[in-house]
Amino acid sequence: MSHSVEHPILDPTLAAPFPKAALPVLRDPQLRKNVAHAIDVIQTKRGKLVAEKTDWQELRSAAADIRTHVLENLGAYLEQFEERCTAAGGHVHCASDAAEARQIILDILREENASEVIKIKTMTSGEIQLNPFLQASGVGVFETDLAEIILQLGNEEPSHIVVPALHINRSQVREIFAKSMGRPELSDDPQALTEAARIYLRRKFLDIPSAISGANYLVAETGGVVIVESEGNGRMCLTLPKTLITLAGIEKVVPRFEDLEVMLQVLARSATGERMNPYTSLWSGVTPGDGPQNFHVVLLDNARSSILGKPRERQTLRCIRCAACINACPVYRQTGGHAYGSVYPGPIGAILTPQLMQMRHAQSLPYASSLCGACYEVCPVKINIPEILIDLRAQVIDQQRHNIGRFFDPLYLGLRIAGFLFSRAFLFHAAQRLGRVGAGLFTHKDGWIHSMPSVGGKWTQTRDLRGFPNQTFREWWQNRPARSSTQIAKEPK
Amino acid sequence: MSVTQGSRAKVLDRIRSATASVAADAANLHELHAAIPRSYIRKGELSESAKIALLIERLRDYDADVVECKLEELPDTIAAMLSASGRHTFGAPSGLPAAWMPSGFDWKLDGGLTHEQIEVLDGVVTGASCAVADSGTIVLHHTPSEGRRVLTLLPDWHLCILYADQVVETLPEYFARVQHPPALVTWISGPSATADIEMTRIKGVHGPRHLNVILVHH
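The written sequence of each chain sets the order in which its residues are numbered from 1. Chains carry letters and ligands carry numbers; both start at the beginning, A for chains and 1 for ligands, and go up in the order they are written. The predicted origin of the model limits local features to residues at a pLDDT of at least 70 and limits the giving and counting of side-chain atom pairs to 80 or more, whereas totals for whole chains, interfaces and linings rest on all residues. Think of the side-chain values as coming from all heavy atoms in the structure, minus any hydrogens and water.

A. View of the sheet that holds strand β3 (residues 140–143) of chain A. Residues and elements named next belong to chain A. Strand pairing is assigned whenever DSSP identifies at least 2 bridges connecting the two strands. The secondary structure listing takes helices from DSSP runs of H or I that are at least 4 residues long and strands from runs of E that are at least 2 residues long, numbered from the N terminus. Read across the open sheet, the six strands follow the order β1-β10-β7-β4-β2-β3; overall the sheet is parallel. On the outer flanks of this sheet lie β1 (91–95) and β3, each paired with one strand and no other. Strand-to-strand, the axes of this sheet are offset by a mean angle of 25 degrees, without reference to chain direction. Sheet analysis places strand β4 (residues 210–213) next to strand β7 (residues 243–249), joined by four bridges and oriented parallel. Pairing of A211 across the sheet is with L244, part of β7. Contacts were defined at the residue level, with two residues in contact if any of their heavy atoms lie within 4.5 Å. Note on method: axes are straight lines fitted to C-alpha atoms, helices fitted across the in-contact stretch only, with angles between N-to-C directions ranging 0 to 180 degrees. Taken strand by strand, helix α6 (residues 98–111) contacts β1, β2 (116–119), β4, β7 and β10 (294–300), and its axis lies near 150 degrees from that of β1.

Below you can see the structure in the form of structure tokens.
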């Protein structure tokens, strides 16, 4: 496959900066077509169903308020969840970071002598890079969401948090399935491909006694866990195995059962443009005779508590992973998901990933945005993503203040020089006159600069620059015909 | 090998200090939560018949088959639907009313059927706890007449019997009806589906590919 030549890296500690990582996609017309098609379909469906909901803005406000309330009181609600879940027969673990979460999960599987595990799609497991760890530890991992199977069998990486294989088209899926399932006769009809996945997984659901899931919500009041899905692979994993391990970020809590009346309404419409997704499951602990009798919840911090401590950034944790911001983003539409170098792409990834990395990696991501605000407008929990992007940019600049290398950075030097010139009027005027002469050499007849040499080319390689005007405002002001104050008073209103 | 509880104290400490300036006293928590403004639509305004019509429209929109009948017609309607399906062996939850199991079919009553035994069933017949018209959602609380979760999962064909008075218009109305949150809830909105390949909606992946509903008028 053409885009497998440069395998994308979704580890923020290793990934290339965004502008560089975006290049393979920008050069792959098939990939861009696949992404644009998928986004168009979702956006049309979402638009129609959101318009149908006359109380959409009220639902958004309530959803944002519920999430804010939870985050401000997270300690109390997490303890309540732990207490109720434990009382219902579940085991609750807390993982400080990714390594600890991986180890807890492996220990549980080892205790069960599990050599294989089935999985419901969970972004959090991608965040902690669970699959490669389990596989290296001798546990076979089988993804069960259709998109995740495509990625796993095709050795591909997810490029979206709700439809992770949206960058792969039907003929590419056919190729992957035909090869890995040994079924060269398969057609590229989505119906046939879906049927192939059903057959491929049926025995695994019935035979593999351990499963791993994420969580859409944790209900503090009941100790319950909610999984929102479409295919039924989730229900299979939640119902058939003997052991179930749920990995959830600490921020996933909602206070009460009835809060789901808001959270479920906003999630399905935002994520897939449906009134309600086909299947939503809620279970609390262990129910005798029904479902897994050995149930564990692993609550993951992994830098979330450090985000929680910052008043402005805290709203990042309201996120319910619906991907509405990703679908609305003009930058994502052009670059697809891999450029973000993390399992969380798009606007939410641009604010979440650097913060999860505690600003030690992924510093290019806050700049992967035009700040157009489309993400904020569609967010069902009203996360002001542009505001956080700007704040993170400031933090990146602050980091560079202590970097010796900054003296070799043209941008830094340019701004320092500009700062010196602009704070001294006579130098500023001289610079204006000089600039007019200098820029005149590059200005086209139409008044625009289409290309500049050296550092200036960084601007003009993607956009034009307006040429300098023939006179500055000050020059015009000084040269204007004098008028008396009475004339000004007589100006018509 | 024992499994550790992990870093519980450490994580909780970090959370508490991160929220120290904004967290409320435990005593006020309930009050603060209750004070969250909820100006969204909680109660629907449709008439009884319009509400039922909306549910049927939304269910059919998801490709579910819906039939209406009067209470006294229910056994015959069930028999007719089972016959029309061309299927023979059906699973029944332990608490399914005997009147809902017409003769002429092979019934497997769930008293601890194995997964393999459920897997080979042609279909399953169950009741429901509630239905939400606005989103075309059927809600199962997995009571004795609704069965264990696996029973409505492995068989490819599901017939769900719903009384008209179980239908509410909005999702918040469902939540208002639930006094004590049950341990298990499944919200079903149409048969299983996926759009993972080029966003083309394909009906039927792992759950039942055929959802049938009988709506019973009193």
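From this point, the discussion proceeds with the structure in view.
B. Highlighting the domain arrangement of chain B. Note that the domain bounds were set by an automatic or database domain assignment. Domain boundaries in chain B define domain 1 (3–34) and domain 2 (48–217). For domain 1 of chain B versus domain 2 of chain B, the distance between C-alpha centres works out to 41 Å.

C. Looking closely at the pattern of salt bridges. Any Lys or Arg side-chain nitrogen found within 4 Å of a carboxyl oxygen on Asp or Glu counts as a salt bridge. One pass over the structure, following the stated rule, counts 36 salt bridges over all chains. A salt bridge links R16 of chain B to E79 of chain A, with the shortest nitrogen-to-oxygen separation between them at 2.2 Å. You can see R16 of chain B sitting in helix α1 (residues 8–18) and its partner E79 of chain A sitting in helix α5 (residues 74–87), one on each of two chains. Think of it in three bands: residues with accessible area under 20% of the maximum for their type are buried, residues over 50% are exposed, and the middle band is partly exposed, with areas taken using a 1.4 Å probe on protein chains only. In this structure R16 of chain B comes out as partly exposed when scored by relative accessible area, which is 39%. Residue E79 of chain A is classed as partly exposed on the basis of its relative accessible area of 30%. For E83 of chain A, the salt bridge is made with R84 of chain A, and the minimal N-O distance between the two is 3.7 Å. Using a relative accessible area of 51% as the deciding quantity, one classes E83 of chain A as exposed. Connected via shared salt-bridge partners are E52, K53, R269 and R275 of chain A together with R58, D61 and D134 of chain B.

D. Just α5 of chain A, in detail. Residue and element names in this part refer to chain A. How far a helix is expected to stretch is found by multiplying one less than its residue total by 1.5 Å. Taking 1.5 Å of rise per residue, 14 residues should cover 20 Å, and α5 covers 20 Å from first to last C-alpha, within 8% of that figure. Residues of α5 that are buried include every one of L74, G75, Y77, L78, F81, E82 and C85, and no others. Among the residues trailing α5, G89 stands out with phi positive, at a value near 100 degrees.

E. Region of interest: the confidence of the model for chain B. The pLDDT averaged across chain B works out to 95; a share of 98% of its residues lies at or above 70. With a pTM of 0.91, the predicted complex shows an ipTM of 0.96. On a scale of 0 to 100, pLDDT captures the predictor's confidence in every residue.

F. Structural context of the sheet that holds strand β12 (residues 210–217) of chain B. All names here are of chain B. Strands sit in the order β1-β12-β7-β4-β2-β3 across an open sheet of six strands; the sheet is parallel. With one partner strand each, in any of the chains shown, β1 (65–70) and β3 (106–109) form the two edges of the open sheet. For this sheet, the mean angle separating the axes of adjacent strands, direction not counted, is 25 degrees. Pairing between strand β4 (residues 123–126) and strand β7 (residues 157–163): three bridges, direction parallel. Bridge assignment links V124 to a residue of β7, and that residue is H158. Here helix α3 (residues 48–61) sits on the sheet in contact with β1, β7 and β12, set at roughly 150 degrees to β1. In this fold helix α4 (residues 74–85) packs onto β1, β2 (89–92), β3, β4, β7 and β12, with an angle of close to 160 degrees to the strand it touches most, β7.

G. Structural view of a nonpolar patch on the surface. Residue and element names in this part refer to chain A. Within this analysis, patches are made of residues with over 30% relative accessible area and no salt bridge. Like charges are joined at 9 Å or less; nonpolar side chains (Val, Leu, Ile, Met, Phe, Trp, Tyr) at 5 Å or less. Note on areas: Shrake-Rupley with a 1.4 Å probe; residue coverage comes only from the protein chains shown. The grouping of I404, F407, F408, L413 and I417 at the surface amounts to a nonpolar patch, some 570 Å² of accessible area in total. Here F407 is to be found in the loop between α19 (385–400) and α20 (410–422). On the accessibility criterion, F407 (43% relative accessible area) is partly exposed.

H. Summary view of the nonpolar core. Nine residue types can take part in a nonpolar core, namely buried Ala, Val, Leu, Ile, Met, Phe, Trp, Tyr and Cys, and a core is a set of them joined through side-chain atoms within 4.5 Å. If you look at the biggest cluster of nonpolar residues, it comprises 149 residues, and the most contacted ones within it are F177, F257 and L260 of chain A together with Y174 and W187 of chain B. With residues up to four places along the chain from it excluded, the contact list for L260 of chain A reads Y217, V219, V226, V254, Q265 and L282 of chain A together with L171, F175 and W187 of chain B. Listed in part, the 21 residues of the second largest apolar core include Y279 of chain A together with I52, A131 and A164 of chain B.

I. Structural detail: the domain arrangement of chain A. For chain A, the assigned domains read domain 1 (1–28 + 325–402), domain 2 (29–306) and domain 3 (410–479). Distance from the C-alpha centre of domain 2 of chain A to the C-alpha centre of domain 3 of chain A: 53 Å.

J. Looking closely at the packing of aromatic side chains. A pair of aromatic rings is counted whenever rings of Phe, Tyr or Trp (Trp by its six-membered ring) have centres within 6.5 Å, and the orientation is called stacked for planes under 30 degrees apart, edge-to-face for over 60 and tilted otherwise. One pass over the structure, following the stated rule, counts 16 aromatic pairs over all chains. Between F257 of chain A and F175 of chain B, the ring centres sit 4.9 Å apart and the planes meet at 55 degrees, which makes this aromatic pair tilted. Of the two residues, F257 of chain A sits in the loop between β8 (253–254) and α13 (260–272) while F175 of chain B sits in helix α6 (residues 171–177), which places them in two different chains. Relative to F428 of chain A, the ring of F422 of chain A has its centre 5.2 Å away and its plane inclined at 85 degrees; by these criteria the two rings are edge-to-face. Classification of F428 of chain A as partly exposed rests on a relative accessible area of 27%. Site record: aromatic cluster; members linked through ring pairs are F257 of chain A together with Y174, F175 and W187 of chain B. Geometry around Y200 of chain A places K204 of chain A over its ring, the cationic atom sitting 5.2 Å from the centre. Geometrically, a charge over a ring is one whose NZ (Lys) or CZ (Arg) sits within 6 Å of the ring centre while staying within 35 degrees of the ring normal.

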